[in-house]
Amino acid sequence: MREFARLVRYDALSGLSGWRWAAVPVVFALACWDEVSSLRNGGRPPLNLWDGPLSMLLNGPVVIWVLALGFMVLVGDRYSQDRSRGTVALTLIRSRSRTWWWLARVASIGVLALAFSALGLGVALVVSAVRLPLELHPSAAAQVAWPAQDAVYPRFDGLPMPAFFAFVVLYSAVALWALGALVLAASALNPRPYIPAGAAILWTLVEAFALPDLALRDADSLDPFYHLLYAVHFMTRGSEGASWGLSALVITAALACAGAIGALKLRGSDV
């Protein structure tokens, strides 16, 4: 386990050093600025800083293009890059097991997902705080019962807003972990440089244009994209929300699939 932890730490730190991370705060800041402008023009009850980022995560295009595609493009081609540089061959030589090395690679995607979610939503919260009142408790708009027409987003009653925001950050990171791991597995199957970005963009285009809106899909959907939207777990207009257990099952299955694909591919590879 000590070697596994060392591999995860090395891969995570390596992934955090890329220049692409500089784009994350900018993209989330712009998305939240637009969301706050939309909220303020909607004639809703008084808002506060929590409403910007949390309502932003109910916006299907933002979830698909900013959250999902942004993360997949950010981390998807790391395996291809490291393979072309010879880093994969060097680390595999030093590692006792190719399987453990790959599983550490998948685990490091989870660390990067947490960093991505915390950085992006943290910047969105700062932008929201610049434009909306600073308050620790839910705003009047957030206290409108979901799914009423004037409600801005669902939440757990009685849970302090800082704790609920932290929960949403963590949940988004776990859901992103599954998406990033699957794109990583695609790059292992075919390590050509354009495969990860191509797979991520194609998958995103299908989700955005060929399938129904995320919030309108069936609650028993097995699509990992669907479970990225935290609001689907709350009651929607006319139906119950998706099961938290189903989301956990879908995310776990995606991670297990990514782990198995990469491990089997590396076992027969001459890298």
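These numbers were taken from a predicted model, which means no experiment stands behind them.

J.: Tell me about a nonpolar patch on the surface, residues and numbers included.
T.: Taken together, the side chains of Trp-65, Val-73, Ile-201, Leu-205 and Phe-209 make up a nonpolar region of the molecular surface, amounting to roughly 460 Å² of accessible area. When residues of the nonpolar patch are traced back to their parent elements, those giving at least two are helix 4 (60-75) and helix 9 (194-210). A per-element tally of the nonpolar patch places helix 9 first, with 3 residues. Topologically, Ile-201 is positioned in helix 9.

J.: Give a detailed account of the nonpolar core, specifying residues and quantitative values.
T.: By size, the foremost hydrophobic cluster in this structure holds 81 residues, and its most contacted members are Leu-54, Trp-102, Phe-116 and Tyr-230. Counting residues per element, this core draws most heavily on helix 8 (residues 161-189), which supplies 16 residues. Those residues within four positions of Leu-54 in sequence are excluded, and the remaining contacts are Tyr-153, Met-161, Phe-164, Phe-165, Val-168 and Tyr-230.

J.: Can you tell me about the environment of Ala-185, naming the residues and giving the values?
T.: One can find Ala-185 in helix 8. Considering only alpha carbons, one finds Ala-185 and Pro-212, 27 residues apart in sequence, at a separation of 26 Å. Leaving out residues up to four positions away in the same chain, Ala-185 has contacts with Trp-102, Ala-258 and Ile-261.

J.: Can you break down the packing of aromatic side chains residue by residue, with the values?
T.: Tallied over the entire structure, the rule returns 19 aromatic pairs. Between Phe-28 and Phe-116 the ring centres are 5.5 Å apart and the planes differ by 75 degrees, which places this aromatic pair in the edge-to-face class. On the criterion of sequence distance, the pair formed by Phe-28 in helix 2 (residues 23-40) and Phe-116 in helix 7 (residues 98-131) is long-range, its members being 88 residues apart. Taking relative accessible area as the criterion, Phe-28 reaches 2% and is therefore assigned buried. Arranged with centres 6.4 Å apart and planes meeting at 45 degrees, the rings of Trp-101 and Trp-102 form a pair that is tilted. We classify Trp-102 as buried; its relative accessible area is 0%. Aromatic ring contacts, followed pair by pair, group Phe-156, Phe-164, Phe-167, Tyr-171, Tyr-230, Phe-234 and Trp-244 into a single cluster.

J.: Summarise the layout of surface pockets; cite the residues concerned and give the values.
T.: For the second largest pocket, the calculated volume is near 240 Å³. For the lining of the second largest pocket, the secondary structure elements donating two or more residues are helix 1 (2-16) and helix 5 (78-85). Per-element tally for the lining of the second largest pocket: the top contributor is helix 5, with 4 residues. A per-class count over the lining of the second largest pocket returns 3 nonpolar, 5 polar and 5 charged.

What counts, and at which threshold
- Residues numbered from 1 in each chain as written.
- Predicted model: local features only at pLDDT ≥ 70, side-chain atom pairs only at ≥ 80, totals over all residues.
- Heavy atoms only, no water.
- Patch = residues over 30% accessible without salt bridge, like charges linked within 9 Å, V, L, I, M, F, W, Y side chains within 5 Å.
- Areas by Shrake-Rupley, 256 points an atom, 1.4 Å probe, with all protein chains shown as cover.
- Salt bridge = Lys/Arg side-chain N within 4 Å of Asp/Glu carboxyl O.
- Helix = DSSP H or I, 4+ residues; strand = E, 2+ residues; numbered from the N terminus.
- Core = buried A, V, L, I, M, F, W, Y, C linked by side-chain atoms within 4.5 Å.
- Buried < 20%, exposed > 50% of the residue type's maximum accessible area, 1.4 Å probe, protein only.
- Contact = heavy atoms within 4.5 Å.
- Phe/Tyr/Trp six-rings, centres within 6.5 Å; stacked < 30°, edge-to-face > 60°.
- 1 Å grid on protein atoms, 1.4 Å probe; cavity = no way out; pocket = protein on both sides within 12 Å on 5 of 7 lines; lining within 4 Å.
- Points joined across faces, edges and corners; volume = space filled by probe spheres on them.
- Nonpolar A, V, L, I, M, F, W, Y, C, P; charged D, E, K, R; others polar.

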